[in-house]
Amino acid sequence: MSGCCGCCSALRPRYKRLVDNIFPVNSEDGLVKSNMEKLTFYSLSSPDKLDRIGEYLYQKASKDINRKRYKFVEIAMEAMDNLLQACHAQTTLNLFVESFLRMVQKLLEDSNPNLQILATNSFVKFANINEDTPSYHRRYDFFISKFSSMCHGNNDNIELRDSIRLAGIKGVQGVIRKTVSDDLVENIWEKQHMEKIVPSLLFNMQFGVNVMFVKKNMLASGDLTPVEDATVVTPPVLAEEVLRELVGRASFGHIRSVLKPLLTHLDRHELWVPNTFAIHTFRIVMISIQPQYSYTVVETLMQHLDNNFKSSPKTRTSLAVVLSKIIAIAAGESVGPSALDIINNLLTHLRTSVSTTTEITPEESQYQEALINALGEFANHHPDYQKIEIMLFIMNTVPDLSKKSKGDQMLQNILLKSLLKVGTQYSTTSFEKAFPASFLQPLLKMARAPHDPTRIIVMQIFQSLLDRHQNEKVLSTVSIKPYAALSQETPSRSDIIFTHKYGANIMQALIDSMALSEKLDSLTSSYNTAALLIVEMACGETVQEFLLFILGIQQVATTSDDLSNIHKCCLHIIAIALLTLTARVTGINNLLEYAQKIIEDRKQEATYLLPPLLDSKKSNKSYNLNLPHLAIDKMALAECLQNAGMDFNRLQTGVPYALNQIDNPGHRHSWVESVSNHMTHRNSSADLTAYNADADSISSSPGVSKKALAPEYTVDAMKRYLAEPPESVKREQQEKQKQIVRAFRESDFEDLMKRTEPKHDVIQNRLNDLFNSLSIDNKTPQNAANQNEKPIYETNFPELFYY
């Protein structure tokens, strides 16, 4: 019998004998290494036998699985792995891979978790092999489903459960690596695959977030040391790594395939409230995604917010908070229309929130604040020029002031708050850039709004854009004392030009704002804006404008009949406080002394005209305001400027800013107007009867008249010219011009010829010599002329042609 078996064994194909020899008699001994080397050498020398070797190994492993001989199954799987690693460059590897995948599937189908883990590890090794030949017929549906189910393993043994989950995550990672790089195989981005892979990864990650917070608390309390925390890879950590890899490999057309199941998972498991895990997940997505596609994540999340408009305010708030946390990452890659599109979507959500609720509840208010914070975070990561564009865009969406309904007022406030959020992120360098006319005009219109909260928000916007030296908190209280820690810098030429151009409009709007309400918060915000304006722009060239502004505030308090006595007292207090601040900022001591004199007089007679501001709710007294000697005097201010050696004409002749005055260009003062008032305008029509020797000359200095010089440049002539009054010089010049004109009009032609005839005949003599030489040359024979011809460089030109 033994001889017969030996004979039959000798008749078997060689590859089967080589495969049989790698298995030991005792399974505990493991793979026979020497025989495995023989099988590998045979496979490399005869690659056409690879498919048969793989099929035979699969059949032996299947029998062993059925007989529960798991050690031999492990040996067969190890042999498959070795052959795969050694022969991966062979062109016939595809046939062997089919047998390999059938064996992996056979092991995964078994209920033994150790075999599942073994099969998964083999599949991961296969996934890391770069195949040279494409495969057209492979499908990985089973592996995606099986590995995803392993990710949800719930074995009672925690260590075994974690091992199965780790194997499932590794398998998913292997499928991703094998399919993403090969366009000819299964399209892993299809919906049915992503709906299995993404939730499986998130399921493991959400346990990791909870463990992470527990460990942080344990580390803080000292129960866990950092060394103990440095453990092996856990399912949550590996799942996060695989999600990063999946998102990083996604192209523009596939990123939504990942995001949709992600959002669905968060919805089904109610992971938005609290939103710790949602924020963590989306941060991973934003960091891992290719930068040019980050806008897609923001857009998808906004669409999801649209779909949840009927959800509870807490859910919408959590969504908005997640948006605010990730939107900053996308801001760096959003330019032009995409940036404005995000802003428009956020503003649309704000308008929807206001329009769908009759009363703003605390939860709804939190939702609106979250949207505003998202808008601010988005704008903060843009350059300043784009922030201006965003502010302009928001301003154009604010409802008109003519709409006075409660809903419109709420919407105005919400949109202005969002505008303020952007303004606080803007770092002003030039007021001309921060306040373009298209933005400043509607903002000034809003400053005159009848609704107090609206005006206060507008003032806060002005303060955020005006405050270049962080003085807003310092100037938040009305005071006549020196402000501590006041930072100041001399205005630039650009700021001075801006003040001359738009300062009048801003100050008129501030006066209107102060006159609209006597509430302390409204008056204080207006004072803060005016004080910042003075600190940033007041100097010797602009001080007159600010003094007229202060006089205008006082004039409103004096002449307006619609204001209460307390309101008028507050305006007087603001006027003297701004005057004191202006004097200190500009360094004009005469002005400061005058302000101090008024303050001392008021301390004696009317302390209610000095800070702090009066509260109408706490004071019901009747105050005497008919005290003209305690008011700021216009002529006294002009005298202070004159004594300081400064220009005071604008203050002396100008009119203080009035209440409800339309922006009037006449109030805008510039050096061009002052020069034009002093210039002597030339007559555009030429007078033929007057000869003007300087008719074609233009004065290079505006406002300076040109003096005529004396005809003789001697010492006596210059003394006489300087001693003579200008009128006599003008009369002498006019008389001389009349004589010349009369001579040319009335004299005969012969007299004019004699008067203009030169006193010597040099020119005539030279002409005679020239004509004589020409006549001599014509009489000379041509041959003689040729013989006597001189070289051109020896010709002596007549003196007539010398310059």
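All values derive from a computational prediction rather than experimental measurement.

## Regarding the overall build of the protein chain
Across its full length, the protein chain carries 36 helices and zero strands. Taking as baseline every contact in the protein chain between residues at least 6 positions apart, the subset at least 24 positions apart corresponds to 73%. Looking at the protein chain as shown, the accessible area adds up to about 43200 Å², and 52% of this sits on carbon and sulfur atoms.

## Considerations on the state of the cysteines
Following the criterion strictly, the structure yields zero disulfides and no others. Distance from the sulfur of Cys 570, which forms no disulfide, to the nearest cysteine sulfur (Cys 569) is 7.0 Å.

## Overview of the packing of aromatic side chains
All told, the structure shown has 17 aromatic pairs when counted by the stated rule. With a centroid separation of 5.4 Å and 55° between ring planes, the pair formed by Phe 123 and Phe 147 is classed as tilted. On the criterion of sequence distance, the pair formed by Phe 123 in helix α7 (residues 113-127) and Phe 147 in helix α8 (residues 141-151) is long-range, its members being 24 residues apart. Here Phe 147 falls in the buried class, since its relative accessible area comes to 0%. Residues Phe 435 and Phe 462 carry aromatic rings whose centres are separated by 5.7 Å and whose planes lie at 25° to one another, so their mutual orientation is stacked. In this pair, Phe 435 sits in the loop between α21 (431-434) and α22 (437-447) while Phe 462 sits in helix α23 (residues 452-466), placing the two residues 27 residues apart along the sequence. For Phe 462, a relative accessible area of 2% corresponds to the buried category. Through a chain of ring-to-ring contacts, the aromatic side chains of Phe 100, Phe 123, Phe 126, Tyr 140, Phe 142, Phe 143 and Phe 147 assemble into a single cluster. Stacked on the ring of Phe 126, the Lys or Arg Lys 178 has its end atom at 4.4 Å from the ring centre.

## Some words on the packing of helix α6 (residues 93-109) against α8
Where α6 contacts α8, the axes come no closer than 11 Å and their chain directions differ by 35°. α8 is crossed by α6, and the crossing has left-handed handedness. Contacts between α6 and α8 involve Leu 101, Val 104, Gln 105, Leu 108 and Glu 109 on the former and, on the latter, Phe 142, Phe 143, Lys 146, Phe 147 and Met 150. Here the residues of the contact of α6 with α8 sort into seven nonpolar, one polar and two charged.

## Brief notes about the pattern of salt bridges
A pair can form between side chains of opposite charge whenever their charged atoms are brought close. The full count for this structure, using the stated rule, is 23 salt bridges. Across the pair Asp 162 and Arg 161 runs a salt bridge, and its minimum N-O distance is 3.5 Å. Given the relative accessible area of 26%, Asp 162 is considered partly exposed. Overlapping salt bridges, with partners in common, bring together Arg 177, Glu 245 and Arg 249 in one network.

## Here's the deal with the packing of α7 against α8
Helix-helix packing is characterised by the crossing angle of the two axes and by the distance between the axes. Contact geometry for α7 and α8: axes closest at 12 Å, N-to-C directions at 125°. Considered as vectors, α7 and α8 are oriented oblique to each other. The handedness of the crossing between α7 and α8 is left-handed. Mapping the contact onto sequence places Gln 116, Thr 120 and Phe 123 in α7 and Phe 143, Lys 146, Phe 147 and Met 150 in α8. When grouped by side-chain class, the residues that make up the contact of α7 with α8 number four nonpolar, two polar and one charged.

## Some thoughts on the environment of Asn 112
Assignment of secondary structure puts Asn 112 in the loop between α6 and α7. Spatially, the C-alpha atom of Asn 112 lies 10.0 Å from that of Ile 65, the residues being 47 residues apart in sequence.

## Overview of the environment of Lys 170
The topology assignment puts Lys 170 in helix α9 (residues 158-180). Here Lys 170 falls in the partly exposed class, since its relative accessible area comes to 35%. Between the alpha carbons of Lys 170 and Ala 239 there is a distance of 8.6 Å; along the sequence they are 69 residues apart. Setting aside chain neighbours within four positions, we find Lys 170 in contact with Val 124 and Leu 238.

## Looking at helix α19 (residues 384-397)
Taking 1.5 Å as the rise per residue, α19 with 14 residues should run 20 Å; its terminal C-alpha atoms sit 20 Å apart, in good agreement. Residues of α19 that are buried: Gln 386, Lys 387, Ile 388, Ile 390, Met 391, Leu 392, Ile 394 and Met 395.

## With respect to unusual backbone geometry
Pro 274 follows Val 273 through a cis peptide bond whose omega is -5°. Looking at the secondary structure, you find Pro 274 in the loop between α13 (255-268) and α14 (276-288). Note the cis peptide between Pro 611 and Pro 612, where omega equals 5°. Secondary-structure assignment places Pro 612 in the loop between α28 (589-605) and α29 (634-643). A positive phi angle, close to 65°, is found at Lys 68, a residue other than glycine. By the element assignment, Lys 68 lies in the loop between α4 (50-66) and α5 (70-86). In this structure, Glu 270 is a non-glycine residue whose phi angle is positive, near 55°. Here Glu 270 lies in the loop between α13 and α14. According to the relative accessible area criterion, Glu 270 is exposed, its value standing at 64%.

## So, the side chain of Asn 471
Inspection of the secondary structure assignment puts Asn 471 in the loop between α23 and α24 (493-516). Contact partners of Asn 471, with chain neighbours within four places excluded, come to Ala 485, Leu 486, Ser 487, Leu 532, Val 535 and Glu 536.

## With respect to the confidence of the model for the protein chain
Across the protein chain, the average pLDDT comes to 80, with 78% of residues at or above 70. Predicted confidence for residues 664-711 stays below pLDDT 50, and this span has 41 contacts to residues more than four positions away or in other chains.

## A closer look at the nonpolar core
Counting 220 residues, the largest nonpolar core has Leu 57, Phe 282, Phe 435, Phe 549, Leu 578 and Ile 632 as its most contacted members. For this core, the leading source of residues is helix α27 (residues 565-586), giving 14 residues. Setting aside chain neighbours within four positions, we find Leu 578 in contact with Tyr 527, Ala 530, Ala 531, Ile 534, Phe 549, Ile 550 and Ile 553.

## Topic: the side chain of Asp 512
Take Asp 512: it is sitting in helix α24. A residue is classified by how much of its surface remains accessible, and Asp 512, at 3% relative accessible area, is buried. Engagement of the side chain of Asp 512 in a polar contact is seen with the side chain of Arg 448, the distance being 2.6 Å.

## A look at helix α18 (residues 362-380)
Across its 19 residues, α18 extends 26 Å between first and last C-alpha, which sits within 8% of the 27 Å expected from 1.5 Å per residue. Within the sequence span of α18, burial applies to Glu 364, Tyr 367, Gln 368, Ala 370, Leu 371, Ile 372, Ala 374, Leu 375, Gly 376, Phe 378 and Ala 379.

## Here's the deal with the environment of Gln 105
Tracing the backbone through its elements, the reader meets Gln 105 in helix α6. Classification of Gln 105 by relative accessible area gives partly exposed; the value is 28%.

Quick notes on the rules
Residues numbered from 1 in each chain as written. Predicted model: local features only at pLDDT ≥ 70, side-chain atom pairs only at ≥ 80, totals over all residues. Heavy atoms only, no water. Helix = DSSP H or I, 4+ residues; strand = E, 2+ residues; numbered from the N terminus. Contact = heavy atoms within 4.5 Å. Areas by Shrake-Rupley, 256 points an atom, 1.4 Å probe, with all protein chains shown as cover. Disulfide = S-S within 2.5 Å. Phe/Tyr/Trp six-rings, centres within 6.5 Å; stacked < 30°, edge-to-face > 60°. Buried < 20%, exposed > 50% of the residue type's maximum accessible area, 1.4 Å probe, protein only. Lys NZ or Arg CZ within 6 Å of the ring centre and 35° of its normal. Axes fitted to C-alpha atoms, helices over the stretch in contact; angles between N-to-C directions. Left-handed = near helix turned anticlockwise from the far one by under 90°. Nonpolar A, V, L, I, M, F, W, Y, C, P; charged D, E, K, R; others polar. Salt bridge = Lys/Arg side-chain N within 4 Å of Asp/Glu carboxyl O. Parallel < 35°, antiparallel > 145°, perpendicular 65-115°, else oblique. Expected span 1.5 Å × (residues − 1). pLDDT = per-residue confidence, 0-100. Core = buried A, V, L, I, M, F, W, Y, C linked by side-chain atoms within 4.5 Å. Polar contact = N/O pair within 3.5 Å; in protein donor to acceptor, adjacent residues only side chain to side chain.

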